[in-house]
Amino acid sequence: MSFTTSTAVYTSRREMIFARMATYLELSKPRIGSLVLVVVAVSAFCGHWGPPQSWIWFHTLLGTALIAASASAFNQLIEQTTDARMQRTANRPLPSGRIHNLQAVTFGAATLSLGFVDLALFVNLLTALLGGLTWVAYVVLYTPLKSKTAANTAVGAVAGALPVLIGWAAVGASFSFTGGPLPDGMYVAALFLIVYLWQFPHFMAIAWIYRQQYAAAGLQMLTVVDPTGRRAGAQAVLGALALLPVSLLPALQMPSPVYRGGAIALGLAYLSAAALFCWRRDERSARILLQTSLVYLPALLVLLVLSPWM
């Protein structure tokens with residue numbers, strides 16, 4: 001074999017390895033995983049009021065990332081038939097045939113096991129159990145419900161908010177509801193509700209934009225059950241409206257005019273976008289709401305982290 005041929009074979013194998021790695025990364029839904037890690041990190045920061053020990057920080061994020069990757073893999077394994085019916089998901093690793101069921105199961109089982117063990121051994125058992133609970137809520141409860149009832153969003157929002165508890169438990173923060181202007185238990189409950197309520201306008205916007213694809217796939221999103229969009233619009237407004245007072249609760253613990261003013265401004269912007277969507281119920285208003293949601297949560301979390309110094 002010539003040097004040129006050997007180089008070509010080596011390059012081809014390397015490209016195949018990179019392609020396979022990219023496929024598994026796609027199976028883990030890195031964008032969702034990144035948001036989960038941000039929520040965990042902010043919750044840990046607020047529970048400790050400062051960065052926790054680097055070792056705890058590293059293993060909390062690593063273990064959570066592995067469990068999130070597993071949840072996404074099993075979610076796609078369960079939904080591969082419906083994914084194949086929707087243009088936005090048809091090219092995912094399983095419906096496109098880039099990987100097979102056994103490979104997805106192996107990847108999901110390995111990442112779940114490694115993530116749970118990592119959290120249990122290097123962080124604490126409660127954090128590992130909360131990671132497992134999040135996995136169950138997303139894979140066992142939320143995913144099957146998507147094809148059965150429009151209430152799936154309320155369950156999925158719980159799974160989306162549970163990472164708040166993971167970060168809080170990782171730094172050994174208290175869950176007590178006694179003492180202080182805002183007890184630790186109330187503070188973490190407020191963080192949980194912020195992430196929980198934020199998801200309703202966010203999901204309603206997505207459900208409206210892709211309502212026809214969801215309907216074709218047989219998924220019982222609220223915009224499919226009620227094609228007029230009135231119920232989706234109402235849920236978006238109620239979620240954003242409830243978010244306003246809840247987002248102000250952390251200010252009781254750490255009074256900050258900058259945080260208070262920022263939370264009110266962000267909340268009013270989110271509520272306005274939700275009201276616009278509820279009124280118009282068209283793709284443009286849905287996309288405005290979606291874009292606003294993607295600004296709201298990161299901006300509020302940044303304000304939370306910076307509030308002790310503002």
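Each remark here, short or long, concerns the structure printed above.
Residues numbered from 1 in each chain as written. Predicted model: local features only at pLDDT ≥ 70, side-chain atom pairs only at ≥ 80, totals over all residues. Heavy atoms only, no water.

Q: Can you break down the packing of aromatic side chains residue by residue, with the values?
A: What the rule picks out here adds up to ten aromatic pairs. Ring geometry for Trp55 against Phe122: centres 6.1 Å apart, planes inclined by 85°, an arrangement best described as edge-to-face. Here Trp55, found in helix H3 (residues 54-78), pairs with Phe122, found in helix H5 (residues 101-122); they are 67 residues apart in sequence, far enough to count as distant. Taken together, the ring pairs connect Trp55, Phe58 and Phe122 into an aromatic cluster. (Phe/Tyr/Trp six-rings, centres within 6.5 Å; stacked < 30°, edge-to-face > 60°. Helix = DSSP H or I, 4+ residues; strand = E, 2+ residues; numbered from the N terminus.)

Q: Hey, could you go over the pattern of salt bridges for me, with residue numbers and the actual values?
A: For the coordinates displayed, the defined rule picks out four salt bridges. Between Glu26 and Arg98 there is a salt bridge whose closest N-O contact spans 2.9 Å. With Glu26 in helix H1 (residues 3-27) and Arg98 in the loop between helix H4 (80-84) and H5, this pair connects stretches of sequence that are 72 residues apart. Residue Glu283 pairs with Arg287 through a salt bridge whose shortest N-O separation is 3.0 Å. Highlighted residues: Glu283 and Arg287, both in helix H15 (residues 283-306), separated by four residues, approximately one helical turn. Residue classification places Arg287 among the partly exposed residues on the basis of a relative accessible area of 34%. (Salt bridge = Lys/Arg side-chain N within 4 Å of Asp/Glu carboxyl O. Buried < 20%, exposed > 50% of the residue type's maximum accessible area, 1.4 Å probe, protein only.)

Q: I'd like a description of the nonpolar core, backed by residues and values.
A: If you look at the biggest cluster of nonpolar residues, it comprises 90 residues, and the most contacted ones within it are Leu27, Phe277, Leu289 and Tyr296. Setting aside its immediate chain neighbours within four residues, Tyr296 contacts Trp198, Leu243, Ser247, Leu266, Gly267 and Tyr270. (Core = buried A, V, L, I, M, F, W, Y, C linked by side-chain atoms within 4.5 Å. Contact = heavy atoms within 4.5 Å.)

Q: Can you lay out the side chain of Ser285 for me, pointing to particular residues and giving the numbers?
A: By the element assignment, Ser285 lies in helix H15. Aside from chain neighbours lying at most four places away, what touches Ser285 is Leu276, Phe277 and Arg280.

Q: Mind laying out unusual backbone geometry, listing which residues take part and the relevant values?
A: Phi is positive for Lys29, close to 50°, though the residue is something other than glycine. Turning to its location among the elements, Lys29 is positioned in the loop between H1 and helix H2 (30-48). Look at Arg281: it is not a glycine, yet its phi comes out positive at around 50°.

These figures capture arrangement, not role.
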